[in-house]
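One letter stands for each residue in the lines below.
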Amino acid sequence: MVQLNKITTEQKILSLGRILQNLREEDNVDALIEKTVSFFQEYFQYSLIWVALYDRLNHILFGKGGITPGNETKVLQQRLVLSPGDLLEQVTIEQRPLGVADLRLETRAEEWQELAEKHNLKGTVILPIRYRDCCLGIVLMASERWGYLLSSEIKVMLMTILGELGTILYHHEVDLFHKQTKHPDEPLLELLQSLPNLNDFEQRLEAVVHTTHDFISPSRTNIYWFERKGNYFWQRKRNQGKKLGLNALNKHGIPAQTQINAREFNDFYYTLSGGHMIFIGDGKSSLNSYSTTKLLKQLQARSLLAAPIIWQKELLGFLAVENKEPRIWAEAEQNFIRGAAGLISLNTPVDSMENTIQQVKEHARITTGMLQGIYQEQDIQDIQKIFSDAASTILGRLDANRFLVLQLNSERDCYQILYQGQRKNQRILPVNITFEALREVDRQLLEYQKLAVGIENLEEDLCLFNWRTILLSQGVRSLLIANCTPNRFPNTLLIVTTDINRYWSNLEKELIQAVSRQIGTIVRQWQLNESNQQKQHFLDSLGKSLRILGKTQHIPTLDEELKETLEKTGMEQIASFLNAPLVLLLSWMPGEEIAKITPGVVLNNKFAISQDAIVKRKREVLIELALANEGMLSLSIDKLPGETKKWLHGSHIAELLIMTLDTGGKGEPSGVLVIADEPGRQWSRLSLDAVSILIQQLAWSRRQQQITQLLTAKAETLEQLNWYKHRRLEESHRTVAALLAQIKELGITGDELTHMRYQQLLHQLEQTTASVNRAIAQEQWELMFAPEKIPMASILKRSLERIDSLLKQQKLWIGVHGLGKQFEENSPPETKTENYQSSPQSLIVAGDTIKIELAIYEILLAVCYRSITNGRIDIWCRPINEKHLEVSITDNGRIEEGLLEELEGNNLSDILVPSETKCPPGLHLQICKKLIQQLGGELHFYQLADSRLVSRLVLPLATKD
């Protein structure tokens, strides 16, 4: 164990206070180390004392002083590179004291083993010199005694002294760092004060270069200026030599000074344009590795620091410092060069401002000239003249080659050339050239960009990527493009192009954007005029089509050839309006399974179809899609199956429009109109709306034709039938009347009973003949209703007599309830009306007896036919109130569900579609229902919960007076 030299406690305290005071008053590091070593040598029994400071950046200990047994000072000044596992490295990292019992045997301190063996050094302690968490150095002390334990008193003294030493060394290091750190504010302030005193801009540039070179001390300091037309940077000023003129050319015709081509160093150029600094140092770079290597090779440098010179958001050039050796650029150096470049921007020549003012006036003159055309009525020739004047001025002002105005064709989803202007030596672009729709990223850029978008190098810029091929093929290398309707979808675009790569200034972008707005207004006004003309054309076409379709209203009958001609005429109007090469109609009559193909317009063989093909209505995809969709449906031929392509096989058929011929309501579709065109065709909303109206009118026209044809045919048939039956009835009446006359002349002899029977039959025959005579005379072409009164019992009796043979044939049981006392105990079916008590004698109905009787007969006849063998039929009679009688006929037969719905009017069928009420027995029951309603009664058909069918007849009762 190491002991203190024998001194009193009071002396220890005084010595400690004295050394601490000396350390605080000392400013020199070497003196601090010397005083510390002297104190340790005086008060501690160590033969070797070594004090070293720690270089944190390089991980090195370098000796600052101490004592050795043989006064070997070379050992004390040694520099030790710390390695993992070394004792000294462990102390610097962990910042804790470390002891070694025998230094001679410690392999982790090889640097001291030889000295330890030579002077028999054993017990060793290694103490860190630190401030907070920062290690500033170490103290190594060794003695000839074995062991390293220290008393508490010694530990306190060592820690106190080393703690104070660490604090002083840390503050000294901080002060030294501040003294060595460069402060850019002072030289920048001096430069700012001196620049206004210099006469011209070149002198100011020289002052900036000189001050920058002095502050940063690089190998070279340069100012590069940007040449927009050539798209390169040229060296305008350097710290050695005089100004380098732009026109100083060598024997090869190339500027003698160093040039940096913006095209070759894209990332370098765009980084500066964005206002960012370029730094290339020791292993670090703000550029990619390829550009870094290539740029340093061209500049013949190993390090570079460049700051952009920007004025009014335009890159004028950059200030650069270069070093021949790798260098890490300090933050102060970066700040200084950024500030110096800003001072150059502030001192931009006044003549540049005057030139800018002149350009602004020129721009205003251009836009003012275009404004005059906005307030005039324009046709396409007027617009071409306005655009031609603007193109001539813009191309001359910007030294460009082409001036293009593109308009979006929404029907084909591509941009077409609305106007093109070019220099005399430029060839005109093909008229049919088109540009596909913009990518989403380009559309958003043009929609929301406040200035025109500049593309300096079309081959490398990703903007307008899908237009690159077609533009490059036309010799375009750089361009300005602007949306003529800012903040809206870019329907109209203005493009100005050049055949070389070039930089576009903000002033030029503002000019193109202003011109594009005027062009957008002019084109918008022209489009409104065109839209009005299109609408007028639509109205004329619609009126013409309606007049043609209206001809069908004045034709009493339509043969198939005339009807097909009118359909083709309607399709020709649709094709003309849409400029469509193919229009056809798939049509069918109600109930038909095969659709007929009627071609309206077939431009050529590229849109050929198979007219004779068999198209099954329920299996054709086109028909299914059209019926499932309301309104117009657009689809591609690629989505259709092979069965459809067999008859729709034209090589240029790509885009389709389909729509059903549907009149709405209860009318069923009678066809599907198909419109076809080439790939990429799209249709405007106005065109689709117009064609929808034409198709609907065609549907109504065809429906009217079909209904007229159907009703005309039925009317002709009924007229013939009525004429035939009427003449047969007249002939039968004439014959029966003649026979009656002959019978009366002859007379019949015999007994009185036979004569009486003869008279009765003769009277009945005369009544029948009189009834037939009334029908012949009064009801030849319309029904007449005779007001009569007759008991209900008589009507039922005669009606049952008519169906007696049918009842017996089918073995049907029939019961009549409510006309006699024997039936009073039976109850009628459930009804919602009141039950009035009345005698059978009071059930006298009012109306035309024969017509009521025939209606009841028809109802009973239908009941018998639908009843099963051995079935039961019940007739319930009862007064509902004082004015109406209810007759309900129930049976257990079977009836079509659709017939019940149609008889009750719940399912109104299309007149053109076959239904249950268009043929017996539904037709006869429907006639009876209408007949009873004309007589002031009601007739209903429905089914009870127990499946019984009810035919409910309501008839008016005769009044007592």
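Refer to the structure above for everything that follows.
The structure reproduced in this document is the subject of the present report. Computed from a prediction, not measured in an experiment: that's the story for all the values here.

Our focus in this paragraph is the environment of Ile216. For Ile216, the location among the structural elements is in helix H8 (residues 201–216). The sequence separation of Ile216 and Ile337 amounts to 121 residues, and the corresponding C-alpha distance is 8.7 Å. Residues in contact with Ile216, not counting those within four places in the same chain, are Lys182, Val321, Arg327, Trp329, Glu333, Phe336 and Ile337.

Let us look at helix H24 (residues 849–866). With 18 residues, H24 should cover 26 Å at 1.5 Å per step; its first-to-last C-alpha distance of 26 Å lies within 8% of that length. H24 sits mainly inside the fold: 14 of its 18 residues count as buried.

If you check which residues of helix H22 (residues 792–802) are buried, you get Met792, Ile795, Leu796, Ser799 and Leu800. Mapping the buried residues of H22 onto a view down its axis gives an arc of 125 degrees, with all of them on the same face. Among the exposed residues of H22, those oriented more than 90 degrees off its buried face are Lys797 and Glu801.

Another aspect to go through is the pattern of salt bridges. Scanning the model with the defined rule gives 32 salt bridges in all. Between Glu94 and Arg96 there is a salt bridge; the shortest N-O distance is 3.2 Å. Glu94 sits in the partly exposed class, given a relative accessible area of 39%. With a relative accessible area of 52%, Arg96 lands in the exposed category.

A few words on the sheet that holds strand E21 (residues 615–616). The strand order across the open sheet formed by six strands is E21-E20-E19-E24-E23-E22, and the pairing between neighbours is antiparallel. Edge positions in the open sheet fall to E21 and strand E22 (633–636), since each of these has one partner strand only. Direction of pairing for strand E23 (residues 655–660) relative to strand E24 (residues 671–677): antiparallel, over a ladder of six bridges. Residue Ile658 lies in a different strand from E24, and its bridge partner there is Val674. Of the strands in this sheet, strand E19 (582–587), strand E20 (594–602), E21, E22, E23 and E24 are in contact with helix H18 (residues 621–628), which crosses E23 at around 60 degrees.

If you look at the biggest cluster of nonpolar residues, it comprises 40 residues, and the most contacted ones within it are Met792, Val845, Ile856, Ile875, Val887 and Ile889. If one sorts the elements of this core by residue count, H24 sits on top with nine residues. In contact with Val887, not counting residues within four places along its chain, are Met792, Ile875, Trp876, Cys877, Ser951, Arg952 and Leu953.

Counted under the stated rule, the structure contains 22 aromatic pairs. Ring geometry for Phe226 and Tyr503: centres 5.2 Å apart, planes at 90 degrees, overall edge-to-face. Placement of Phe226 in strand E7 (residues 220–227) and of Tyr503 in the loop between strand E18 (492–498) and helix H16 (506–550) is noted, with a sequence separation of 277 residues between them. Aromatic side chains Tyr415 and Trp467 sit 5.7 Å apart centroid to centroid with 70 degrees between the ring planes, which places their arrangement in the edge-to-face category. Of this pair, Tyr415 sits in strand E14 (residues 414–422) while Trp467 sits in the loop between strand E16 (453–455) and helix H15 (468–473), placing them 52 residues apart in sequence. Taken as a pair, Tyr415 and Trp467 share a single burial class, namely buried. Taken together, the ring pairs in this structure connect Tyr224, Phe226, Phe233, Phe268, Tyr269, Tyr270, Phe318 and Tyr503 into an aromatic cluster. The side chain of Arg502 reaches across the aromatic face of Trp504, ending 4.0 Å from its centre.

Attention now moves to the packing of H8 against helix H11 (residues 331–346). Packed helices, taken two at a time, are described by the angle their axes make and the gap between the axes. Closest axis-to-axis distance for the H8/H11 pair is 11 Å, and the angle between their directions is 175 degrees. On the basis of the axis angle, H8 is roughly antiparallel to H11. In this structure, H8 contributes Phe201, Leu205, Val208, Thr211, Thr212, Phe215 and Ile216 to the contact, and H11 contributes Ala332, Glu333, Phe336, Ile337, Ala340 and Ile344. Counted by class, the contact of H8 with H11 contains 10 nonpolar, two polar and one charged residues.

The calculated volume of the second largest pocket comes to roughly 1200 Å³. Lining the second largest pocket are 35 residues, and of these Gln407, Leu408, Ser410, Gln527 and Gln534 lie nearest its centre. In terms of residue count, the dominant contributor to the lining of the second largest pocket is H16 (12 residues). Here the lining of the second largest pocket is built from residues that sort into 11 nonpolar, 17 polar and seven charged.

What follows concerns the pairing of strand E29 (residues 884–891). Working note: regular strand, side chains alternate between the two faces of the sheet. Taken across its eight residues, E29 has seven buried, putting it largely inside the fold. Two elements, strand E28 (residues 872–879) and E29, share seven bridges in a ladder whose sense is antiparallel. Its bridge partner lying in E29, Arg878 is registered against Glu886. The turn joining E28 and E29, which pair antiparallel and follow one another in sequence, is formed by four residues. Where E29 meets strand E31 (residues 949–956), eight bridges bridge the pair, whose relative direction is antiparallel. Residue pairing across strands places Val887 opposite Leu953, the latter belonging to E31.

Cut-offs and rules
- One numbering rule holds for all chains: residues counted from 1, following each sequence as written.
- Side-chain atom pairs in this predicted model are given and counted only at pLDDT of 80 or more, local residue features only at pLDDT of at least 70, and totals for whole chains, interfaces and linings cover all residues.
- The side-chain quantities take in all heavy atoms of the structure and omit both hydrogens and water.
- Elements are defined by DSSP. Helices are runs of H or I of four residues or more, strands are runs of E of two residues or more, and each kind is numbered from the N terminus.
- Residue contacts are counted whenever heavy atoms from the two residues lie within 4.5 Å of one another.
- The span you would expect from a helix comes to 1.5 Å times its residue count less one.
- Burial here depends on accessible area, computed with a 1.4 Å probe over protein chains only, as a share of the maximum for the residue type. Under 20% is buried, over 50% is exposed, and the range in between is partly exposed.
- Within this analysis, the arc is defined by the directions that extend from the helix axis to the C-beta atoms.
- Each salt bridge in this description consists of a side-chain nitrogen of Lys or Arg and a carboxyl oxygen of Asp or Glu lying within 4 Å of one another.
- In this description, strands pair whenever DSSP reports at least two bridges between them.
- Note on definitions: angles span 0 to 180 degrees between N-to-C directions of axes, and those axes are lines fitted to C-alpha atoms, for helices only across the stretch in contact.
- Side-chain atoms within 4.5 Å are what join buried Ala, Val, Leu, Ile, Met, Phe, Trp, Tyr and Cys residues into a set we call a nonpolar core.
- For Phe, Tyr and Trp, rings pair up if their centres lie within 6.5 Å, where Trp contributes its six-membered ring, and each pair is then called stacked (planes under 30 degrees apart), edge-to-face (over 60) or tilted (otherwise).
- Criterion for a charge above a ring: Lys NZ or Arg CZ within 6 Å of the ring centre, and within 35 degrees of the ring normal.
- Convention used here: angles under 35 degrees read as roughly parallel, angles over 145 as roughly antiparallel, angles from 65 to 115 as roughly perpendicular, and any remaining angle as oblique.
- Under the scheme applied, nonpolar residues are Ala, Val, Leu, Ile, Met, Phe, Trp, Tyr, Cys and Pro; charged residues are Asp, Glu, Lys and Arg; polar residues are all the others, including Gly.
- Only protein atoms enter the 1 Å grid used here, on which a cavity is any set of points holding a 1.4 Å probe that cannot leave and a pocket is any open set flanked by protein within 12 Å on both sides along at least five of seven lines; residues with an atom within 4 Å of a point are listed as lining.
- Grid points are joined across faces, edges and corners, and a volume is the space filled by probe spheres set on the points.

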